[in-house]
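Listed below, chain by chain, are the residues.
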Amino acid sequence: MKAKLLLALLPVVCLCVPAHSIRAQQSLEIVATGRIAGVLHDPTGAVVPGAKVEVRSRATGFTKSLTTNLAGRFAFDGLVAGRYDATITVSGFQIVILRDITVSAGKETTVNVTLRIAPVRTDVEVNAPEMETGKRRAVSDAEQARSRNTAEIVADAPGVSLRENGQLASIPLLHGLGDERTKLVVNGMTISSACPNHMNPTLSYVAPAQAAQVTVLAGITPVSLGGDSLGGTISVESPAPAFAELGSKVREEGTFTGFYRSNGENWGGSLKEGIASEHISLDYVGSFTTTEDYSDGSGHKVTSTYAQSTDHALTLAAQNGPNLFLATGSFHHTPFEGFVNDYMDLVHNDATSLNLRYRRTLAKGSLDARFYWQNTTHEMNFLQDKIAIDGAGASMPMNTHGRDLGYLVRYESALSTRHNLRAGNELHRFRLDDWWPPVAGMAPMMGPNTFININNGRRARLGTYAELFSHWNPRWSTLFGARNDTVWTDAGNVQGYSMMYATDAAAFNAESHAKTDSNFDLTALARYDANEHTAVELGYARKNRSPNLYERYAWSTNMMAAGMIGWFGDGNMYYGNVALKPETGNVVSGTLLLHGQATKPWEVKLTPHLNSIQEFIDVDVAAMTMMGLPLLRFANHDARIYGGDLSGFATLWSGGAAGTGKLSAIGNWVHGTRSDSDTPLYQMMPLNLRLAFDEEIKGLSAGFGSEMVDSKSRLDPNRMELRTPGYALINLHAAYKSKYVQGGFRVDNLFNHFYELPLGGNNIDIYSATGNMTPVTGRGRSVSFSLTARF
Ligand SMILES: [Cu+2]
């Protein structure tokens, strides 16, 4: 399978390279050339970075495009003397077309432009540096409508794989590193999982309808977006506020989306409504989703996969000159969510959050400050599918209460036309209580006292960073950054249900729990644009993650209690280790980008990566339990992960009666090994490839896709990881879009193929009923419809 995939991809790479070297040679001929350069400003006089500027020769049709740097500057060198047209596009501003610009040999033609604000949503954040690693992407309504949860939207990027974790939020892994090893930021907020099984990860608090923009940084992360992570960074942002156009009175817009997916009877919808004047805007996003258990390809119901959730978010924004103020209040309510790969289900999860932001555009940069707070209450117990297995009356209440609080301050400034500085300071504090009330008649196993799992757990992180982005000349750019994060963790004394747990509790209470970690991160990244079709990036990053509260402070070695700890969906028993050190990754990664614009855009991107990790938080086997499952203790061990991402697209035809035909591909390969034992790291996604063909004619689009996954044969022996066979799935999709209505139709797993999920964990419901541990099986055929109306 591996060899076949690589063979299939080789022609794509080989066909492109020779064509480019020939063109590069031709451009070396000596001809009379000149330059077009300039600076873009917005109406307040602030510079506009990230704008796309394209010049086109009126004589030959030759085009060249680039992006303005953080100082708003652009410069086209080596233009053959003659007359050109230039087009400037940037989100939030009206398109500018400049005609008949004369370029003379050996001279610079200066073009300075002041952009006008467009009556559309304003892009309020300056993007990460214009490197391949960190491209922000707008999410379409269609994508929101077809995604079961926000993690599925993120999974479209190279280097990302998803681990199953209930229906409301899968866990994204970047280059094999997931959960809290990936930095997840929602509207600038860091939200910790307030659950020993991580049933409520960060992305569960942002419904697909609220995810307007996503940034995925799989390898090298700018320090401004990093900190406290070993993998990359995923940032999800809500829609930016849209103010009324200058001179017009009020702007009002609304969207309603409804969807239905046949497998599991999943239905729901969202409502977005915005009203704004020139200076004030008010936006509401509400969404609802509910689903029954889904069936796999063999027609068997996969139990405990039902869920329901409601989300509301209200944002008030005000702008005046260079000042922008935003306040968002949101409420998330999950009445139930089954977990087929856990012993417990979620029976209640409510979260309330507040997010305040102030941004000021300065003459040469910007100042951005945020403050956020979230309060989460979470309860676990058994839902009907587990009760059917365990017997009527089975009960084991487990409660958690989490509180996140933080601020971020970030300053950006153009030091000169070449250099841009970004510096910031941030705090994130998480408090956690985790307690399990006694169950009547179940002493001493589950009574008579309350089991205190985490007592007043505290984790605070204070981070400070500075980074310099330099655009040395049109070909060379560099990014250098350094940051420090100090992480404090602590937890109070604990107790078990009864004297049965007294030895472990006494041992834990005798230990000192307060820990301080001082972590230093570094990033160095360079980009070389060899010619208009070829760019190369190479970088190094040192990254750190401090242990979470459960890794340090889960204390009971009792089989039942330790079985409640762990966010791996495997049924194994875990307990903590106060002495755990932070994990430190040394990442070396590069990207080769080959691309063409013109009338038929295409792109091939290859990203090899290597991460050498010191003190990786893995496990030691403490004992084999009566249940035949291991009791595992978190422990530091060195590890290494390497692999590669390949992505690309090609426009097969464009324009004319046949519309536009596009072929796209994403392939991921990752290989993780623990150094001391030379054994495979846990839950590494096997080699996989996604291919898609899409055709678009006017408002109508249709296509098909395929997902191919190799068998998972490299297995972690300590966790008794299960093998999963390879599989291939086919999907069909079609959509129609007009000004006011948009509809989507999709068939996933067209041939109703039966397959096991490589990162789906183990089916604990089947294990509880039969004693056999098997992987969770994937969804069988599902037919979906969605409809979006704008008003
Ligand atoms: Cu939970």
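Above this text sits the structure in question.
Please read all numbers here as calculations on a predicted model, not as lab measurements.

The rules behind each value
- Residues numbered from 1 in each chain as written.
- Predicted model: local features only at pLDDT ≥ 70, side-chain atom pairs only at ≥ 80, totals over all residues.
- Heavy atoms only, no water.
- Helix = DSSP H or I, 4+ residues; strand = E, 2+ residues; numbered from the N terminus.
- Areas by Shrake-Rupley, 256 points an atom, 1.4 Å probe, with all protein chains shown as cover.
- Lys, Arg positive; Asp, Glu negative; His and termini not counted.
- Charge placed at Lys NZ, Arg CZ, Asp CG, Glu CD.
- Patch = residues over 30% accessible without salt bridge, like charges linked within 9 Å, V, L, I, M, F, W, Y side chains within 5 Å.
- Salt bridge = Lys/Arg side-chain N within 4 Å of Asp/Glu carboxyl O.
- Donors = N, O, S within 2.8 Å, 3.2 Å for Na, K, Ca; no water.
- Buried < 20%, exposed > 50% of the residue type's maximum accessible area, 1.4 Å probe, protein only.
- Pairing = 2+ DSSP bridges.
- Axes fitted to C-alpha atoms, helices over the stretch in contact; angles between N-to-C directions.
- Polar contact = N/O pair within 3.5 Å; in protein donor to acceptor, adjacent residues only side chain to side chain.
- Contact = heavy atoms within 4.5 Å.
- Phe/Tyr/Trp six-rings, centres within 6.5 Å; stacked < 30°, edge-to-face > 60°.
- Lys NZ or Arg CZ within 6 Å of the ring centre and 35° of its normal.

Moving on, we come to the overall build of the chain. Check the secondary structure of the chain and you find 8 helices and 38 strands. For the chain, the spread of C-alpha atoms along the principal axes amounts to about 90 × 55 × 50 Å. Put simply, the chain shows about 31,600 Å² of open surface, and 61% of that area lies on carbon and sulfur atoms. When the 69 basic and 75 acidic side-chain charges of the chain are each reduced to a single mean position, those positions are 7 Å apart.

To continue, consider a nonpolar patch on the surface. The grouping of Val250, Ile275, Ile280, Leu282, Leu314 and Leu316 at the surface amounts to a nonpolar patch, some 510 Å² of accessible area in total. Of all the secondary-structure elements, those providing two or more residues to the nonpolar patch are strand 18 (280–291) and strand 19 (307–320). Position of Ile275 among the secondary structure elements: in strand 17 (residues 266–276).

The coordination sphere of the copper ion, as far as protein atoms go, consists of Cys195 (SG), His378 (NE2) and Met380 (SD), spread over 2.0 to 2.5 Å. Mapped onto the sequence, the donors of the copper ion take the spacing C-x182-H-x1-M. Note on Met380: relative accessible area 2%, which makes it buried.

Strands sit in the order 10-11-12 across an open sheet of 3 strands; the sheet is antiparallel. Lying at the two open borders of the sheet, with one neighbouring strand each, are strand 10 (160–163) and strand 12 (177–178). One ladder, built from 4 bridges, connects strand 10 with strand 11 (residues 171–174); its direction is antiparallel. Each residue of the ladder has a partner; that of Arg163, found in strand 11, is Ile171.

Cis peptide bonds are those with omega within 30 degrees of zero, and the linkage from Ala443 to Pro444 qualifies with 5 degrees. Residue position: Pro444 is located in the loop between strand 24 (419–436) and strand 25 (451–471). Here the bond from Gly447 into Pro448 is cis, since omega is 5 degrees, no more than 30 degrees from zero. Within the secondary structure, Pro448 sits in the loop between strand 24 and strand 25. One non-glycine residue, Asp179, adopts positive backbone phi at about 55 degrees. Locating Asp179 in the fold gives a position in the loop between strand 12 and strand 13 (183–186). In this structure, Asn456 is a non-glycine residue whose phi angle is positive, near 50 degrees. Checked against the element boundaries, Asn456 lands in strand 25.

Next up on the list: the pairing of strand 32 (residues 630–653). In regular strands, side chains alternate between the two faces of the sheet. Bridge count between strand 29 (residues 573–575) and strand 32: 3 bridges; the pairing is parallel. Among the inter-strand pairings, Tyr575 is bridged to a residue of strand 32, identified as Arg633. In the sheet, strand 31 (residues 602–624) pairs with strand 32 via 20 bridges, with the strands oriented antiparallel. By the bridge assignment for strand 32, Asn611 is matched with Ile641. When strand 32 meets strand 33 (residues 660–674), the two strands line up antiparallel, connected through 14 bridges. From the neighbouring strand, Arg640 faces strand 33, where its bridge partner is Thr673.

A few words now on the pattern of salt bridges. Taken as a whole and judged by the stated rule, the model has 38 salt bridges. Here Glu108 ties to Arg35 by a salt bridge, and the two come within 2.6 Å at their closest N and O atoms. Of the two residues, Glu108 is situated in strand 7 (residues 108–110) and Arg35 in strand 1 (residues 33–41); the sequence distance between them amounts to 73 residues. Look at Glu108 and you get partly exposed, because its relative accessible area is 41%. Residue Arg35 is classed as partly exposed on the basis of its relative accessible area, which comes to 24%. Residue Lys581 is joined to Glu615 by a salt bridge in which the shortest nitrogen-to-oxygen separation is 3.7 Å. One end of the pair, Lys581, is in the loop between strand 29 and strand 30 (583–596); the other, Glu615, is in strand 31, with 34 residues separating them in the sequence. When its relative accessible area of 43% is taken as the criterion, Lys581 is described as partly exposed. Since its relative accessible area comes to 24%, Glu615 is described here as partly exposed.

In this section: the sheet that holds strand 2 (residues 52–57). Here we have 4 strands laid out as an open sheet, ordered 3-2-5-6, and antiparallel in their pairing. Strands with a single pairing partner mark the edges of an open sheet, and in this sheet they are strand 3 (63–67) and strand 6 (96–103). Each strand of the sheet is rotated relative to its neighbour by a mean of 20 degrees, with strand direction disregarded. Relative to strand 5 (residues 82–89), strand 2 runs antiparallel, the two sharing 6 bridges. Pairing of Glu54 across the sheet is with Thr87, part of strand 5.

Relative to the elements of secondary structure, Asn544 occurs in strand 28 (residues 534–545). For Asn544, the side chain forms a polar contact with the main-chain oxygen of Phe520, separated by 2.8 Å. Other than its neighbours up to four places away in sequence, Asn544 contacts Gly227, Asp228, Ser229, Asn519, Phe520, Asp521, Glu583 and Thr584.

On to the environment of Ala541, then. Relative to the assigned elements, Ala541 resides in strand 28. Sequence-wise, Ala541 and Ala482 are 59 residues apart; in three dimensions their C-alpha atoms are separated by 9.6 Å. Every residue in contact with Ala541, bar those within four places of it in the chain, is listed here: Ile220, Leu522, Thr523, Gly585, Asn586 and Val587.

Next up on the list: the packing of aromatic side chains. Two descriptors summarise a pair of aromatic rings, namely the distance from one centre to the other and the angle between the planes of the rings. Scanning the entire structure with this criterion turns up 22 aromatic pairs. Taking 4.9 Å as the distance between ring centres and 35 degrees as the angle between the ring planes, the aromatic pair formed by Phe568 and Tyr574 counts as tilted. The exposure class of Phe568 is buried, given its relative accessible area of 11%. Taken together, Tyr550, Trp567, Phe568, Tyr574, Phe634 and Tyr682 form an aromatic cluster joined through their ring pairs. A cation over a ring is seen here: Lys662 above Phe649, with NZ or CZ 4.7 Å from the ring centre. Over the face of the ring belonging to Phe568 we find Arg719, whose NZ or CZ atom lies 4.8 Å from the ring centre.

Okay, the pairing of strand 36 (residues 727–737) next. When strand 35 (residues 700–709) meets strand 36, the two strands line up antiparallel, connected through 10 bridges. The residue of strand 36 that forms the bridge with Leu700 is Tyr736. Relative to strand 37 (residues 741–748), strand 36 runs antiparallel, the two being bridged by 6 bridges. Its bridge partner lying in strand 37, Lys737 is registered against Gln742. What sits between strand 36 and strand 37 in their antiparallel hairpin is a turn of 3 residues.

The next subject is the environment of Ser677. Residue position: Ser677 is located in the loop between strand 33 and strand 34 (688–697). Separated by 39 residues in sequence, Ser677 and Asp638 have C-alpha atoms that sit 9.8 Å apart. For Ser677, the side chain forms a polar contact with the side chain of Thr679, separated by 2.6 Å.

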